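These are the residues of each chain, in order.
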Amino acid sequence: MDFNRWKNLSEIIPADVEFFVNTYNFRSEVLKDIEEFASKEKVPILLPSSAVFLKFLVKLIKPKSILEIGTGIGYSTITMAEACPEAEILTVDSNAKRLEVAERFFQRAGLKNVAVVHSDAFGVVGDFLAEGKKFDFIFIDSVKSEYPFFNFKVQALLEERGIAVFDNVLFRGYVCGKSYDEKRYSRTVNLLKLFLEQVKEYPNFEVTLLPVGDGFLILKKKAPKGGWKSYVDRNDVSLNS
Ligand SMILES: C[S@@+](CC[C@H](N)C(=O)[O-])C[C@H]1O[C@@H](n2cnc3c(N)ncnc32)[C@H](O)[C@@H]1O
């Protein structure tokens, strides 16, 4: 099937609207070259319209530490690194061939703030959880059917007031009723639906679902009512009083 994504266009936004919107959206020469490469080689990258939003978000938030799950050929990594050169970015991918291409683009972009890990992200995330490591911003763009399994781990890795963004949560509109090849996609669609149900029930997170690109799900760890100070540490309470 010839998906719009191979033209770097969304399946859920009308193409004429996206073309128009993209004329307002600056992308560096390296990013434009990656778009061309992805289109020619049919490698999935973040949609340019989503990249522009991601760039805006990261510029606003100014995270000091970013974890990316799903480097691919580096389009989203470079987007974040350009937007926030002072951030330490750690990006993980299990596909060595894609990482090779990504590293070439990173060199071209002259990035100094990106560390690449070639590994399954579940292992990396597990290690970080064991070490108590935290991130200000986490971007997840890996296999969509794995989102419900990354979900709680990602929450635990977020700093207070940290933000996580999951890409492709509307999955070409399939999760909202658009017809699709059930044999091929029903597992992914069902697991994404499960993920979208899970996130509705998080008391400690503000959840925003935006129809950007292929659907951005944004989770923001919120402060408890009355602020973090309202939390009483068990050492503050005397059992004798
Ligand atoms: C859609 S591509 C990422 C595109 C990239 N964010 C960009 O904009 O260029 C998804 C990537 O996630 C990687 N991936 C999927 N599941 C993974 C996992 N469990 N651990 C590490 N990498 C994973 C794949 O190898 C693939 O390169």
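Remember, it's a predicted structure, so these values are computed and weren't measured experimentally.

Undergrad: Mind showing me how you'd approach the packing of aromatic side chains here?
TA: How two aromatic rings sit relative to each other is given by the distance of their centres and the angle of their planes. One pass over the full model with this rule turns up 15 aromatic pairs. For the pair Phe-166 and Phe-195, a centre-to-centre distance of 4.7 Å together with 55° between the ring planes defines the contact as tilted. Linking Phe-166 in strand 5 (residues 158-167) with Phe-195 in helix 8 (residues 182-200), this pair joins segments that are 29 residues apart in sequence. The interplanar angle of 25° and the centroid separation of 5.1 Å between the aromatic rings of Tyr-174 and Tyr-180 together place this pair among those described as stacked. The class of Tyr-174 is buried, set by a relative accessible area of 7%. Here the aromatic residues Phe-171, Tyr-174, Tyr-180 and Tyr-185 are joined through ring pairs into a cluster of three or more. Taking the ring centre of Trp-6 as reference, the NZ or CZ of Arg-5 above it sits at 5.9 Å.

Undergrad: Mind showing me how you'd approach helix 6 (residues 121-131) here?
TA: Three or four residues apart is the spacing at which side chains of an α-helix point the same way, because the helix has 3.6 residues per turn. Along helix 6, the residues classified as buried are Ala-121, Val-124, Val-125 and Phe-128. Along helix 6, the residues classed as buried sweep out an arc of 95° about the axis, all on the same side. The inward-facing, buried residues of helix 6 contact strand 1 (65-69), strand 2 (88-93), strand 3 (114-118), strand 4 (135-140) and helix 7 (147-157). Residue Asp-120 occupies the N-cap position of helix 6, its side-chain oxygen lying 2.8 Å from the main-chain nitrogen of Phe-122. Looking at the residues trailing helix 6, positive phi occurs at Gly-132, about 75°.

Undergrad: Can you walk me through unusual backbone geometry in this structure?
TA: Glycine aside, a negative phi is what most residues show, and trans is what most peptide bonds show. Phi at Lys-42 takes a positive value of approximately 55°, unusual for a residue other than glycine. Note on placement: Lys-42 falls in the loop between helix 2 (29-41) and helix 3 (48-61). Classification of Lys-42 by relative accessible area gives partly exposed; the value is 46%.

Undergrad: I tried to follow the sheet that holds strand 5 on my own but got confused; where do I start?
TA: By way of backbone hydrogen bonds, the strands of a sheet pair with one another, either parallel or antiparallel. The 7 strands lie next to each other as 3-2-1-4-5-7-6, forming an open sheet whose pairing is mixed. In the strand order of this sheet, the two ends are held by strand 3 and strand 6 (205-210), each with one partner. Shown here is a sheet whose adjacent strand axes are inclined to one another by a mean of 15°, direction ignored. Judged from the 4 bridges that link them, strand 1 and strand 4 form a sheet pairing that is parallel. Looking at the pairing, Ile-66 lines up with Phe-137 of strand 4. Across the face of the sheet, helix 8 comes into contact with strand 5, strand 6 and strand 7 (216-221) while running at roughly 30° to strand 7.

The rules we used
- Residues numbered from 1 in each chain as written.
- Predicted model: local features only at pLDDT ≥ 70, side-chain atom pairs only at ≥ 80, totals over all residues.
- Heavy atoms only, no water.
- Phe/Tyr/Trp six-rings, centres within 6.5 Å; stacked < 30°, edge-to-face > 60°.
- Helix = DSSP H or I, 4+ residues; strand = E, 2+ residues; numbered from the N terminus.
- Buried < 20%, exposed > 50% of the residue type's maximum accessible area, 1.4 Å probe, protein only.
- Lys NZ or Arg CZ within 6 Å of the ring centre and 35° of its normal.
- Arc of directions from axis to C-beta.
- Contact = heavy atoms within 4.5 Å.
- Polar contact = N/O pair within 3.5 Å; in protein donor to acceptor, adjacent residues only side chain to side chain.
- Pairing = 2+ DSSP bridges.
- Axes fitted to C-alpha atoms, helices over the stretch in contact; angles between N-to-C directions.

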